[in-house]
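For reference, the chains in residue letters:
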Amino acid sequence: QKEVEQDPGPLSVPEGAIVSLNCTYSNSAFQYFMWYRQYSRKGPELLMYTYSSGNKEDGRFTAQVDKSSKYISLFIRDSQPSDSATYLCAMVVDSWGKLQFGAGTQVVVTP
Amino acid sequence: AAGVIQSPRHLIKEKRETATLKCYPIPRHDTVYWYQQGPGQDPQFLISFYEKMQSDKGSIPDRFSAQQFSDYHSELNMSSLELGDSALYFCASSSSDRNEQFFGPGTRLTVL
(Lines give C-alpha, C1' and ligand atoms only; values in the text may rest on other atoms or scores of the structure.)
Protein backbone atom coordinates (compact mmCIF):
# COMPACT_ATOMS: atom_id res chain seq x y z
CA GLN A 1 0.00 0.00 0.00
CA LYS A 2 1.29 3.43 -0.96
CA GLU A 3 1.77 6.01 1.78
CA VAL A 4 -0.35 8.52 -0.16
CA GLU A 5 -3.53 7.40 -1.87
CA GLN A 6 -5.32 9.48 -4.49
CA ASP A 7 -8.07 8.46 -6.88
CA PRO A 8 -6.70 8.86 -10.44
CA GLY A 9 -10.12 9.70 -11.90
CA PRO A 10 -10.91 10.97 -14.45
CA LEU A 11 -13.30 13.34 -12.76
CA SER A 12 -15.62 15.13 -15.16
CA VAL A 13 -17.64 18.16 -14.05
CA PRO A 14 -19.66 20.82 -15.87
CA GLU A 15 -18.35 24.37 -16.00
CA GLY A 16 -19.25 26.31 -12.87
CA ALA A 17 -19.47 23.24 -10.61
CA ILE A 18 -17.36 22.64 -7.52
CA VAL A 19 -14.48 20.23 -7.99
CA SER A 20 -13.73 18.11 -4.94
CA LEU A 21 -10.41 16.27 -4.70
CA ASN A 22 -8.94 14.31 -1.83
CA CYS A 23 -6.00 12.25 -0.66
CA THR A 24 -5.47 9.95 2.28
CA TYR A 25 -2.17 9.15 3.89
CA SER A 26 -0.96 6.53 6.31
CA ASN A 27 1.96 8.19 8.12
CA SER A 28 0.84 10.41 10.98
CA ALA A 29 4.28 12.08 10.94
CA PHE A 30 3.39 13.97 7.77
CA GLN A 31 2.94 17.61 8.71
CA TYR A 32 3.17 19.64 5.51
CA PHE A 33 0.83 19.28 2.57
CA MET A 34 0.72 20.72 -0.91
CA TRP A 35 -1.55 20.64 -3.92
CA TYR A 36 -0.15 20.99 -7.42
CA ARG A 37 -1.81 21.42 -10.79
CA GLN A 38 -0.09 19.85 -13.77
CA TYR A 39 -1.05 20.40 -17.37
CA SER A 40 0.03 17.74 -19.85
CA ARG A 41 3.82 17.63 -20.24
CA LYS A 42 4.29 20.73 -18.06
CA GLY A 43 5.82 21.26 -14.66
CA PRO A 44 3.66 20.94 -11.53
CA GLU A 45 2.35 24.34 -10.41
CA LEU A 46 1.98 24.90 -6.68
CA LEU A 47 -1.60 25.82 -5.80
CA MET A 48 -1.84 25.47 -2.04
CA TYR A 49 0.51 24.83 0.89
CA THR A 50 -0.87 23.95 4.31
CA TYR A 51 0.50 22.61 7.56
CA SER A 52 -2.28 22.75 10.11
CA SER A 53 -5.66 21.12 10.41
CA GLY A 54 -8.51 23.22 9.11
CA ASN A 55 -9.26 25.20 6.00
CA LYS A 56 -7.15 27.56 3.93
CA GLU A 57 -8.66 29.63 1.16
CA ASP A 58 -6.99 31.32 -1.81
CA GLY A 59 -9.28 32.70 -4.48
CA ARG A 60 -11.35 29.87 -5.93
CA PHE A 61 -9.28 27.25 -4.10
CA THR A 62 -9.84 25.86 -0.60
CA ALA A 63 -7.50 23.34 0.97
CA GLN A 64 -8.68 21.31 3.91
CA VAL A 65 -6.58 19.18 6.25
CA ASP A 66 -7.87 16.68 8.79
CA LYS A 67 -4.85 15.22 10.55
CA SER A 68 -6.93 13.04 12.87
CA SER A 69 -8.36 11.23 9.85
CA LYS A 70 -5.18 11.59 7.74
CA TYR A 71 -7.22 13.13 4.98
CA ILE A 72 -6.68 16.23 2.86
CA SER A 73 -8.96 17.86 0.32
CA LEU A 74 -8.89 20.52 -2.36
CA PHE A 75 -12.02 22.30 -3.52
CA ILE A 76 -12.21 24.39 -6.68
CA ARG A 77 -15.21 26.72 -6.90
CA ASP A 78 -16.72 28.02 -10.11
CA SER A 79 -14.66 25.61 -12.19
CA GLN A 80 -13.57 26.66 -15.66
CA PRO A 81 -12.48 24.63 -18.70
CA SER A 82 -8.98 26.01 -18.07
CA ASP A 83 -8.99 24.08 -14.76
CA SER A 84 -8.86 20.84 -16.76
CA ALA A 85 -5.59 19.27 -15.63
CA THR A 86 -4.13 16.66 -13.33
CA TYR A 87 -4.13 17.62 -9.65
CA LEU A 88 -1.47 16.11 -7.43
CA CYS A 89 -1.39 16.08 -3.68
CA ALA A 90 2.06 16.00 -2.12
CA MET A 91 3.40 15.60 1.40
CA VAL A 92 6.74 16.38 2.94
CA VAL A 93 8.05 13.07 4.25
CA ASP A 94 11.32 14.02 5.91
CA SER A 95 13.20 16.94 7.42
CA TRP A 96 14.97 17.63 4.12
CA GLY A 97 11.71 18.35 2.34
CA LYS A 98 11.41 15.28 0.15
CA LEU A 99 7.93 15.10 -1.36
CA GLN A 100 5.76 12.00 -1.70
CA PHE A 101 3.09 12.50 -4.33
CA GLY A 102 -0.31 10.97 -4.79
CA ALA A 103 -1.07 9.37 -8.15
CA GLY A 104 -2.81 12.54 -9.36
CA THR A 105 -6.46 13.03 -10.29
CA GLN A 106 -7.30 13.97 -13.87
CA VAL A 107 -10.01 16.63 -13.91
CA VAL A 108 -12.05 17.54 -16.98
CA VAL A 109 -14.29 20.61 -16.87
CA THR A 110 -16.75 20.58 -19.73
CA PRO A 111 -18.21 23.85 -21.14
CA ALA B 1 8.26 36.60 -10.51
CA ALA B 2 11.31 34.57 -11.38
CA GLY B 3 10.77 30.83 -11.71
CA VAL B 4 12.92 27.74 -11.83
CA ILE B 5 14.77 27.42 -15.12
CA GLN B 6 15.70 24.11 -16.65
CA SER B 7 17.74 23.36 -19.72
CA PRO B 8 17.56 21.84 -22.16
CA ARG B 9 13.80 21.47 -22.47
CA HIS B 10 14.06 18.50 -24.76
CA LEU B 11 16.88 16.02 -25.18
CA ILE B 12 17.20 12.98 -27.43
CA LYS B 13 19.98 10.50 -26.77
CA GLU B 14 20.98 7.04 -27.87
CA LYS B 15 21.37 4.11 -25.51
CA ARG B 16 24.64 4.11 -23.56
CA GLU B 17 25.16 7.85 -24.16
CA THR B 18 25.43 10.45 -21.43
CA ALA B 19 23.20 13.42 -20.68
CA THR B 20 23.54 16.51 -18.50
CA LEU B 21 20.48 18.36 -17.26
CA LYS B 22 20.76 21.82 -15.72
CA CYS B 23 18.62 23.60 -13.17
CA TYR B 24 18.68 27.24 -12.06
CA PRO B 25 16.66 27.74 -8.86
CA ILE B 26 14.56 30.73 -7.93
CA PRO B 27 16.86 33.51 -6.62
CA ARG B 28 17.62 33.19 -2.89
CA HIS B 29 16.41 29.59 -2.81
CA ASP B 30 19.11 27.41 -1.26
CA THR B 31 17.63 23.93 -1.76
CA VAL B 32 17.26 22.05 -5.04
CA TYR B 33 15.37 18.80 -5.66
CA TRP B 34 15.36 16.50 -8.68
CA TYR B 35 12.35 14.37 -9.60
CA GLN B 36 11.69 11.89 -12.39
CA GLN B 37 8.22 11.47 -13.87
CA GLY B 38 7.45 8.57 -16.17
CA PRO B 39 4.41 8.56 -18.49
CA GLY B 40 1.19 8.50 -16.50
CA GLN B 41 3.07 8.43 -13.20
CA ASP B 42 3.57 10.84 -10.34
CA PRO B 43 6.98 12.48 -9.83
CA GLN B 44 9.52 10.32 -8.00
CA PHE B 45 12.20 11.94 -5.85
CA LEU B 46 15.78 11.38 -6.99
CA ILE B 47 18.10 13.61 -4.98
CA SER B 48 18.31 16.96 -3.22
CA PHE B 49 20.93 19.53 -2.26
CA TYR B 50 21.04 22.14 0.47
CA GLU B 51 23.73 24.79 0.45
CA LYS B 52 25.72 22.85 -2.18
CA MET B 53 25.77 19.64 -0.14
CA GLN B 54 23.73 16.54 -0.91
CA SER B 55 20.95 16.46 1.66
CA ASP B 56 18.81 13.50 0.69
CA LYS B 57 18.77 10.65 -1.77
CA GLY B 58 15.91 8.68 -3.24
CA SER B 59 15.63 6.05 -5.92
CA ILE B 60 18.44 7.41 -8.05
CA PRO B 61 20.41 4.88 -10.12
CA ASP B 62 24.15 4.65 -9.54
CA ARG B 63 24.56 5.72 -13.17
CA PHE B 64 23.22 9.13 -12.21
CA SER B 65 25.07 11.78 -10.26
CA ALA B 66 24.30 15.36 -9.39
CA GLN B 67 25.82 18.38 -7.74
CA GLN B 68 24.99 21.91 -6.73
CA PHE B 69 27.41 24.67 -7.57
CA SER B 70 28.46 27.84 -5.76
CA ASP B 71 25.82 29.88 -7.61
CA TYR B 72 23.22 27.30 -6.43
CA HIS B 73 22.49 25.94 -9.87
CA SER B 74 22.44 22.17 -10.09
CA GLU B 75 23.31 19.60 -12.73
CA LEU B 76 22.07 16.03 -13.06
CA ASN B 77 24.50 13.83 -14.94
CA MET B 78 23.18 10.62 -16.43
CA SER B 79 25.50 8.02 -17.93
CA SER B 80 25.01 4.70 -19.77
CA LEU B 81 21.50 5.77 -20.66
CA GLU B 82 18.85 3.08 -20.94
CA LEU B 83 15.50 3.09 -22.71
CA GLY B 84 13.79 3.16 -19.31
CA ASP B 85 15.42 6.49 -18.50
CA SER B 86 13.06 8.19 -20.95
CA ALA B 87 10.97 10.49 -18.78
CA LEU B 88 10.33 14.04 -17.70
CA TYR B 89 12.94 15.30 -15.26
CA PHE B 90 11.91 18.12 -12.98
CA CYS B 91 13.93 20.35 -10.78
CA ALA B 92 12.29 22.11 -7.87
CA SER B 93 13.65 24.71 -5.49
CA SER B 94 12.75 25.97 -2.06
CA SER B 95 14.00 28.20 0.69
CA SER B 96 15.24 26.26 3.71
CA ASP B 97 12.88 28.13 6.05
CA ARG B 98 9.80 27.00 4.11
CA ASN B 99 8.77 23.63 2.66
CA GLU B 100 7.03 24.97 -0.44
CA GLN B 101 8.68 23.59 -3.54
CA PHE B 102 8.42 25.33 -6.88
CA PHE B 103 8.93 23.24 -9.96
CA GLY B 104 10.58 24.08 -13.24
CA PRO B 105 9.12 23.28 -16.65
CA GLY B 106 11.06 20.04 -16.88
CA THR B 107 13.43 18.39 -19.34
CA ARG B 108 11.92 15.74 -21.57
CA LEU B 109 14.54 13.05 -22.11
CA THR B 110 14.02 10.51 -24.86
CA VAL B 111 16.44 7.60 -25.11
CA LEU B 112 16.40 5.76 -28.43
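Here's what I pulled together on the structure shown here. (Residues numbered from 1 in each chain as written. Chains lettered and ligands numbered in written order. Predicted model: local features only at pLDDT ≥ 70, side-chain atom pairs only at ≥ 80, totals over all residues. Heavy atoms only, no water.)

1. Digging into the pattern of salt bridges
Here the structure, examined in full by the defined rule, presents ten salt bridges over all chains. Note that arginine 63 of chain B and aspartate 85 of chain B form a salt bridge whose closest N and O atoms lie 2.9 Å from each other. Placement of the pair is arginine 63 of chain B in the loop between strand 6 (53–57) and strand 7 (64–68) and aspartate 85 of chain B in the loop between strand 8 (74–78) and strand 9 (87–94), with a sequence separation of 22 residues. Look at the salt bridges and you will find they share partners, linking Arg37, Glu45, Arg60 and Asp83 of chain A into a network. (Salt bridge = Lys/Arg side-chain N within 4 Å of Asp/Glu carboxyl O. Helix = DSSP H or I, 4+ residues; strand = E, 2+ residues; numbered from the N terminus.)

2. Quick look at the nonpolar core
Nonpolar side chains in soluble globular proteins tend to end up buried together. One finds Trp35, Ile72, Leu74, Tyr87 and Met91 of chain A to be the most contacted residues of the largest nonpolar core, which totals 23 residues. Of all the secondary structure elements, the ones that give two or more residues to this core are strand 3 (19–25), strand 4 (33–38), strand 5 (45–50), strand 7 (61–66), strand 8 (71–76), strand 9 (85–92) and strand 11 (105–110) of chain A. By size, the runner-up hydrophobic cluster in this structure holds 22 residues, among which are Ala19, Trp34, Ile60 and Ala66 of chain B. (Core = buried A, V, L, I, M, F, W, Y, C linked by side-chain atoms within 4.5 Å. Buried < 20%, exposed > 50% of the residue type's maximum accessible area, 1.4 Å probe, protein only.)

3. Details of the interface of chain B and chain A
Contacts between the two partners involve 20 residues from chain B and, on the opposite side, 21 residues from chain A. In this assembly, chain B packs against chain A so that about 1,800 Å² is buried in total across both faces, 56% of it on carbon and sulfur atoms. Of all residues in chain B, Asp42, Asn99 and Phe103 of chain B give up the largest surface area on contact with chain A, accounting jointly for 29% of the area buried on that side. One salt bridge connects aspartate 42 of chain B with lysine 2 of chain A, and the closest N-O pair in it is separated by 3.4 Å. (Contact = heavy atoms within 4.5 Å. Buried area = accessible area lost by both parts, 1.4 Å probe.)

4. Let's talk about the sheet that holds strand 7 of chain B
Residue and element names in this part refer to chain B. Strand order across the open sheet formed by four strands is 1-3-8-7, with antiparallel pairing between neighbours. The open sheet has two free edges, formed respectively by strand 1 (5–7) and strand 7, since each of these has just one partner strand. Mean inter-strand twist for the sheet, computed between neighbouring axes without regard to direction, equals 15°. Relative to strand 3 (residues 19–24), strand 1 runs antiparallel, the two sharing three bridges. (Pairing = 2+ DSSP bridges. Axes fitted to C-alpha atoms, helices over the stretch in contact; angles between N-to-C directions.)

5. A short note on the state of the cysteines
As enumerated under the stated definition, the model contains two disulfides over all chains in all. Covalently, cysteine 23 of chain A is tied to cysteine 89 of chain A through a disulfide, its sulfur atoms 2.0 Å apart. Its S-S torsion of approximately -100° makes the covalent link between cysteine 23 of chain A and cysteine 89 of chain A left-handed. Taken together, the residues span a long stretch of sequence, with cysteine 23 of chain A in strand 3 and cysteine 89 of chain A in strand 9 at a distance of 66 residues. Both residues of the pair, cysteine 23 of chain A and cysteine 89 of chain A, count as buried. Each sulfur in the disulfide pair cysteine 23 of chain B and cysteine 91 of chain B lies 1.7 Å from the other. (Disulfide = S-S within 2.5 Å.)

6. Focus: the side chain of aspartate 30 of chain B
Residue and element names in this part refer to chain B. As for its position among the elements, aspartate 30 is in the loop between strand 3 and strand 4 (31–37). Of the side chains with opposite charge, lysine 52 lies nearest to the buried aspartate 30, which makes no salt bridge, at 9.7 Å. Polar contacts involving the side chain of aspartate 30 include one to the side chain of serine 96, which spans 2.8 Å. (Lys, Arg positive; Asp, Glu negative; His and termini not counted. Polar contact = N/O pair within 3.5 Å; in protein donor to acceptor, adjacent residues only side chain to side chain.)

7. Quick word on the environment of lysine 57 of chain B
Residue and element names in this part refer to chain B. Topologically, lysine 57 is positioned in strand 6. The class of lysine 57 is partly exposed, set by a relative accessible area of 46%. It is 9.6 Å that separates the C-alpha atoms of lysine 57 and tyrosine 33, two residues lying 24 residues apart in sequence. Contact partners of lysine 57, with chain neighbours within four places excluded, come to Phe45, Leu46 and Ile47.

8. As for the sheet that holds strand 6 (residues 54–58) of chain A
Residues and elements named next belong to chain A. The five strands lie next to each other as 1-3-8-7-6, forming an open sheet whose pairing is antiparallel. Each having just a single partner strand, strand 1 (4–6) and strand 6 make up the two edges of the open sheet. Ignoring which end each strand starts from, the neighbouring axes of this sheet average 20° apart. Pairing between strand 7 and strand 8: six bridges, direction antiparallel. Among the inter-strand pairings, valine 65 is bridged to a residue of strand 8, identified as isoleucine 72.

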